[in-house]
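# A look at the structure
Next come the chains, spelled out residue by residue.
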Amino acid sequence: MKKALVFGGAGFIGSHLSAELLKDDYHVIVVDNLYTGTKANIPEGVEFLERDVTALCVADFPKVDEIYNLACPASPVHYQARPIETALTSIKGVLLSLEIARRDKAKMLHASTSEIYGDPIKHPQEEYDWGNVNTIGWRSCYDEGKRVAETLVSDYVRLYDVDARTIRIFNTYGPNMLRDDGRVISNFIVQALKGEDITIYGEGTQTRSFQYVTDLVNAVFKYMAIEKSELRRFFASVRLPIPVLNIGNPEEYTIKRLAKDVLRLIPESSSRLVFKALPSDDPKKRRPDITLAKKLLDWEPVVSLESGLKETISYFKR
Ligand code: NAD
Ligand code: UDP
């Protein structure tokens, strides 16, 4: 039986990934400090270590075949509440994952983010873009932590030939998000269900591209199934020095349109749209170019925003 370590496996994406790994007959070990994850999210059958990844070392782990590094709060509200811990989690968490991968000759997946592009200069965002990121703002703990993490992955690949691969995840949503997660889709749905004001930040003209979680998990499985030599050949052929892939849904929506769509799907809601101050450094637009993922993985998202929202609304109703 293959062993997989999932850092952050009690969180939203990590819980879906752990469930799929279990279905595939893996022995799954989740490590999570439950900052933004919950025990209820952890599927039955998983071995759970309630620990902080910044306080662990390689010797704390058995030999494993695969490592998924997802530990890090992803909602601006939660990462900004603990900015120093967030930056350290990104850096120490990825170092620990890389060291375990190096020791065990294991495959490793690092969850990076579209935030490494910052407030993008080019649109849509390609893997070749270097980003436009503030180093001293409220989002910096997350954005810069994730950028350093990508750098560490790259150097471990170059120096130690570690079998690591990075995904840059674009806004992903679905069941198992926290009610008070703070991200836009969970906020709008919970507000609409409670009849509270729907809080649009700024004028709602900023855009995001929303991916349903099952599309992301499918891409992760396809990415991890590729052997190191094939992966290296592919990325060399597209002139990228290490494996790094955008994974997201390229359909782009304004936040105002999203709010209206959520209200349309919850017709019983008495909520009104209200406009609040735009947080600092909030990216004005975001859409992934997924040309490379399509080519390498023979993958593209199949869940529309409409059906993904319906599933997520049912989850929050329950
Ligand atoms: P999440 O906040 O739901 O999950 C993160 C998990 O990591 C939580 O269970 C949390 O308790 C755990 N965690 C945080 N700090 C930890 C620490 N120091 N030690 C141990 N566990 C810790 O977020 P998510 O949406 O599931 O995101 C998972 C990963 O994917 C994150 O690395 C995030 O940066 C990345 N990502 C997510 C999105 C998205 O839209 N959901 C987009 C880009 C990147
Ligand atoms: N947003 C909003 N209302 C909310 C929460 C978020 O208008 O209640 C906006 C936010 O300003 C941003 C977009 O929705 O422009 C996506 O925010 P989220 O926190 O989900 O993710 P991120 O900004 O990290 O992409």
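Here is a short report on the structure shown in this document.

## Describing the site of ligand 2
Not every one of the 18 residues close to ligand 2 is listed here, only the nearest: Thr199, Tyr201, Arg208, Asp282 and Arg286. One of the side-chain nitrogen or oxygen atoms of asparagine 171 is found 2.9 Å away from an oxygen atom of ligand 2. At a separation of 2.8 Å, an oxygen atom of ligand 2 approaches a polar backbone atom of tyrosine 201. Protein contacts shield 96% of the accessible area of ligand 2, which totals 510 Å² for the unbound molecule. Contributions of two or more residues to the shell around ligand 2 are made by helix 5 (184–194) and strand 8 (198–201). Of the residues that constitute the shell around ligand 2, the class distribution is 7 nonpolar, 5 polar and 6 charged.

## Focus: the pairing of strand 5 (residues 107–113)
A regular strand places its side chains on the two faces of the sheet in alternate fashion. With 7 of 7 residues buried, strand 5 is to be regarded as a mostly interior element. Side chains of strand 5 alternate between two faces, with Lys107, Leu109, Ala111 and Thr113 and Met108, His110 and Ser112 buried alike. Judged from the 4 bridges that link them, strand 4 (residues 66–69) and strand 5 form a sheet pairing that is parallel. Bridged to asparagine 69 within strand 5 is histidine 110. Judged from the 7 bridges that link them, strand 5 and strand 6 (residues 163–169) form a sheet pairing that is parallel.

## Side note on the site of ligand 1
Neighbouring residues of ligand 1: 29 residues in total, closest Asp32, Thr36, Tyr142, Lys146 and Thr172. In the environment of ligand 1, an oxygen atom lies 3.0 Å from a nitrogen or oxygen atom belonging to the backbone of glycine 11. Here ligand 1 has 810 Å² of accessible area as a free molecule, and 97% of this is covered by the chains. Taken together, the elements giving at least two residues each to the shell around ligand 1 come down to helix 1 (12–23), strand 5 and helix 4 (140–160).

## Side note on helix 8 (residues 255–265)
The complete set of buried residues in helix 8 reads Ile255, Leu258, Ala259, Asp261, Val262, Leu263 and Leu265. For helix 8, the elements touching its buried residues are helix 5, strand 8, strand 9 (207–209), strand 12 (252–254), strand 13 (273–276) and helix 10 (305–317).

## A closer look at the pattern of salt bridges
Tallied over the full model, the rule gives 28 salt bridges. For aspartate 261, the salt bridge is made with arginine 257, and the minimal N-O distance between the two is 3.8 Å. Taken together, the positions of aspartate 261 and arginine 257, both in helix 8 and 4 residues apart, correspond to about one turn of that helix. Arginine 257 gets classed as partly exposed once you look at its relative accessible area, which sits at 44%. When salt bridges with common partners are traced through the structure, they connect Glu115, Arg139, Arg208, Asp282 and Arg286 into a single cluster.

## Observations concerning the nonpolar core
The biggest cluster of nonpolar side chains holds 64 residues, and the ones touching the most others in it are Tyr68 and Leu297. Core analysis: the next-biggest nonpolar cluster, separate from the first, contains 26 residues, Val58, Val64, Leu96 and Leu98 among them.

## Quick notes on the packing of helix 5 against helix 10
Following both chains from N to C, one finds helix 5 and helix 10 inclined at 55°, their axes separated by 10 Å at the closest point. Considering the angle they form, helix 5 stands oblique to helix 10. Once helix 5 is placed against helix 10, the crossing between them reads as right-handed. Of helix 10, the residues touching helix 5 (which contributes Ile185, Ser186, Ile189, Val190 and Leu193) are Leu305, Leu309, Thr312, Ile313, Phe316 and Lys317.

## Concerning helix 1
The end-to-end C-alpha distance of helix 1, which contains 12 residues, comes to 18 Å, matching closely the 16 Å that a straight helix rising 1.5 Å per residue would cover. All of the buried residues along helix 1 are Phe12, Ile13, Gly14, Ser15, His16, Leu17, Ser18 and Leu21. Looking at the buried positions of helix 1, the neighbouring elements they touch are strand 1 (3–7), strand 2 (27–31), strand 4, strand 6, strand 7 (172–173) and helix 6 (213–225). The positive-phi residue at the C-terminal boundary of helix 1 is aspartate 25, with phi of around 75°.

Here is what the cut-offs are and how they apply
- Residues numbered from 1 in each chain as written.
- Chains lettered and ligands numbered in written order.
- Predicted model: local features only at pLDDT ≥ 70, side-chain atom pairs only at ≥ 80, totals over all residues.
- Heavy atoms only, no water.
- Near = heavy atom within 4 Å.
- Polar contact = N/O pair within 3.5 Å; in protein donor to acceptor, adjacent residues only side chain to side chain.
- Areas by Shrake-Rupley, 256 points an atom, 1.4 Å probe, with all protein chains shown as cover.
- Helix = DSSP H or I, 4+ residues; strand = E, 2+ residues; numbered from the N terminus.
- Nonpolar A, V, L, I, M, F, W, Y, C, P; charged D, E, K, R; others polar.
- Buried < 20%, exposed > 50% of the residue type's maximum accessible area, 1.4 Å probe, protein only.
- Pairing = 2+ DSSP bridges.
- Contact = heavy atoms within 4.5 Å.
- Salt bridge = Lys/Arg side-chain N within 4 Å of Asp/Glu carboxyl O.
- Core = buried A, V, L, I, M, F, W, Y, C linked by side-chain atoms within 4.5 Å.
- Axes fitted to C-alpha atoms, helices over the stretch in contact; angles between N-to-C directions.
- Parallel < 35°, antiparallel > 145°, perpendicular 65-115°, else oblique.
- Left-handed = near helix turned anticlockwise from the far one by under 90°.
- Expected span 1.5 Å × (residues − 1).

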